[in-house]
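Chain by chain, the residues run as shown.
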Amino acid sequence: MSDTRIGIWLIGARGGVATTTILGLLGLAKQKIPAIGLVSELALFNDLALASWDRFVVGGHEIRRSSLYDEAKKLFQSSHVLDPELIENCRDDLAKIDECIRPGILFNSGSTIEQLAQEGQAHCPPAPRAAVEQLVEDLAAFRRDHQLHHVVVVNVASTEPPVDERTIPGTWDELSRQLDQAGQCPLRASSLYAIAAFEAGCSYVNFTPSLGSAAEALCQLALRRGQCHAGRDGKTGETLLKSVLAPMFAHRNLEVMSWVGHNIFGNMDGLVLDNPENKQSKVVSKDRLLREILGYAPQTLVSIEYIQSLGDWKTAWDHIHFRGFLGTPMVLQFIWQGCDSILAAPLVLDLVRFTERAARRGETGVLTWLASFFKSPMGVAEFDFHRQFQMLEAWATAVRQETPSACR
Ligand SMILES: NC(=O)c1ccc[n+]([C@@H]2O[C@H](COP(=O)([O-])OP(=O)(O)OC[C@H]3O[C@@H](n4cnc5c(N)ncnc54)[C@H](O)[C@@H]3O)[C@@H](O)[C@H]2O)c1
């Protein structure tokens, strides 16, 4: 393990989350930043032979022409995140990674995302098969050129509008036939990236609410190709708090009558989510867990508004109206003010590290034990954060038992 190199392939490679992930990884590999915010750096996971930070090589797909250095500077100027000294220190490394970023694809991506794309930076193939083949070729070249042991593909691209999942064939054999026919395939780009990842022998992590690998037919493909995957929609802020607080109301038998959450922020993700179609994917993802945890459906409202001046800083104000003994109504309110990319980036790095370890020990299919990282965890009906974390602990115990002490 000590000499092997592992690829991280970021879809949306010059976005806010990707840029922060890359700069953070460089900082960790150079030992210039502390490991605060990284779950995989908890003592609990010390002896699992997780890959060290200097083992990773980064590439990706992107539909905008820019440079990682410019994107990092933009984040600093607009939102005062990222250390300017670290940005300067990593300038050459960022330029090298830029060379590994290839034009992305657009496919049923919707008008808001299409407007982000720049000339020559996005393939728009008529039939999805051609797109998948192009993506597979890019991944194979990355793996070959850098002699990578394994590649984890992570979707951190803009949120797509939802897909009507009833229109997706239930088996991979049927879906595969649709890939050859223009105008027949209901999938969007995020799912074509997932198909390409599996076809190229890579793991796939979906950090966004887009469909990605969540359709049954894609789960079948992952199993056939012996690959593992996880998703969907990183749980970084307001929803993390919901998944911690809702079990408290449930365990104390307090009745939640309504839960209202207003979110305001001003980064590019916010701009994309300003389109009601794209926003719908996020609202569904943020709203569902209350019903699942409480076992009944209180009145809920989730609003997401784009306020440009806030940049990458998100404010969420939640108002929880609940009823206690003798029917007495009470209120809990909280205000969460978090920096979106700074909350997301360490989780992306944790997910890559855990997923690579799972792939190395031969796990295939959905990695359900990563549920605590996601708002809409795939393959599990567990939404309580603490119970989800116990699933991760149980996985760690199993891995520890089979890891020779010399590797610890
Ligand atoms: N705390 C968080 O920041 C957080 C939490 C959970 C989920 N997410 C999700 O992560 C994603 C990234 O967030 P962000 O703040 O970095 O957004 P962003 O808008 O800064 O970055 C998205 C990037 O994806 C690129 N892109 C869009 N479509 C593409 C395609 N088809 N192929 C390749 N590249 C494409 C865009 O050009 C852009 O550079 C969003 O979907 C967001 O909802 C973020």
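Nothing here was measured: the structure is a model prediction, and the numbers come from that model.

Parameters at a glance
Residues numbered from 1 in each chain as written. Predicted model: local features only at pLDDT ≥ 70, side-chain atom pairs only at ≥ 80, totals over all residues. Heavy atoms only, no water. Helix = DSSP H or I, 4+ residues; strand = E, 2+ residues; numbered from the N terminus. Salt bridge = Lys/Arg side-chain N within 4 Å of Asp/Glu carboxyl O. Buried < 20%, exposed > 50% of the residue type's maximum accessible area, 1.4 Å probe, protein only. Core = buried A, V, L, I, M, F, W, Y, C linked by side-chain atoms within 4.5 Å. Contact = heavy atoms within 4.5 Å. Near = heavy atom within 4 Å. Polar contact = N/O pair within 3.5 Å; in protein donor to acceptor, adjacent residues only side chain to side chain. Areas by Shrake-Rupley, 256 points an atom, 1.4 Å probe, with all protein chains shown as cover. Nonpolar A, V, L, I, M, F, W, Y, C, P; charged D, E, K, R; others polar. Pairing = 2+ DSSP bridges. Axes fitted to C-alpha atoms, helices over the stretch in contact; angles between N-to-C directions. Domains from an automatic or database assignment. Buried area = accessible area lost by both parts, 1.4 Å probe.

Asks: How do you make sense of unusual backbone geometry when you look at a structure like this?
Replies: Where the residue is not glycine, phi is negative for most of them; where a peptide bond is considered, it is trans in most cases. Cis geometry is found at the peptide bond from Gly-231 to Arg-232, where omega equals 20°. Mapped onto the fold, Arg-232 is located in the loop between β7 (228-231) and α10 (238-251). The backbone of Ala-49 sits at a positive phi, close to 55°, despite the residue not being glycine. Relative to the assigned elements, Ala-49 resides in the loop between α1 (16-29) and β2 (56-62).

Asks: Please clarify how the pattern of salt bridges should be interpreted in this entry.
Replies: Two side chains bearing opposite charge may form a pair once their charged atoms approach each other closely. Applying the stated criterion to the full structure yields 21 salt bridges. With a closest N to O distance of 3.5 Å, Arg-288 and Glu-292 form a salt bridge. In this pair, Arg-288 and Glu-292 are both assigned in helix α12 (residues 276-294), four residues apart and thus about one turn of the helix distant. With a closest N to O distance of 2.5 Å, Glu-402 and Arg-361 form a salt bridge. Placement of Glu-402 in helix α14 (residues 385-402) and of Arg-361 in the loop between α13 (340-360) and β12 (365-366) is noted, with a sequence separation of 41 residues between them. Note on Arg-361: relative accessible area 28%, which makes it partly exposed.

Asks: How should the nonpolar core be read in this particular structure?
Replies: Generally speaking, a soluble globular protein has its nonpolar side chains buried in company with each other. One finds Leu-10, Leu-370 and Leu-392 to be the most contacted residues of the largest nonpolar core, which totals 57 residues. Looking at this core element by element, the count peaks at eight residues for α13. Apart from residues lying up to four places away in sequence, Leu-370 is in contact with Ala-230, Leu-351, Phe-354, Thr-355 and Leu-392. Counting residues in each nonpolar core, the second largest holds 40 residues, with Cys-100, Leu-187, Ala-189 and Leu-211 among its members.

Asks: It is not clear to me how the site of the ligand should be interpreted in this structure. Could you clarify?
Replies: Neighbouring residues of the ligand: 29 residues in total, closest Val-17, Glu-62, Ile-105, Ala-157 and Tyr-193. Tyr-193 is positioned such that a nitrogen or oxygen atom in its side chain is 2.6 Å from a nitrogen atom of the ligand. A total of 840 Å² of accessible area belongs to the ligand in isolation, and the protein chains cover 98% of it. Those elements giving two or more residues to the shell around the ligand turn out to be α1, β2, α11 (268-273) and α13. When its residues are assigned to classes, the shell around the ligand shows twelve nonpolar, nine polar and eight charged.

Asks: Quick question: what am I supposed to make of the sheet that holds strand β8 (residues 255-265) here?
Replies: Within a beta sheet, neighbouring strands are joined by backbone hydrogen bonds and run either parallel or antiparallel to one another. Pairing in this open sheet of four strands is mixed, and the strands run β9-β8-β10-β11 from one edge to the other. The strands lining the two open edges of the sheet, one partner per strand, are β9 (299-306) and β11 (329-339). Averaged over all neighbouring strand pairs, the angle between strand axes comes to 10°, with direction disregarded. As defined by bridge partners, β8 adjoins β9 across eight bridges and the pair is classed as parallel.

Asks: How should I be thinking about the domain arrangement of the protein chain in this particular structure?
Replies: It is common to give the size of an interface as the accessible area lost on bringing the parts into contact. With domains assigned, the protein chain is organised as domain 1 (6-234 + 342-402) and domain 2 (238-338). Once you take the C-alpha centre of each, domain 1 and domain 2 turn out to be 26 Å apart. Listed per partner, the contact involves 24 residues of domain 1 and 28 residues of domain 2. Buried surface at the junction of domain 1 and domain 2, summed over both partners, amounts to about 2,200 Å²; 61% is from carbon and sulfur atoms. There are zero salt bridges connecting domain 1 and domain 2. Counting the contacts that link domain 1 with domain 2 gives five residue pairs in polar contact (both at pLDDT 80 or more).

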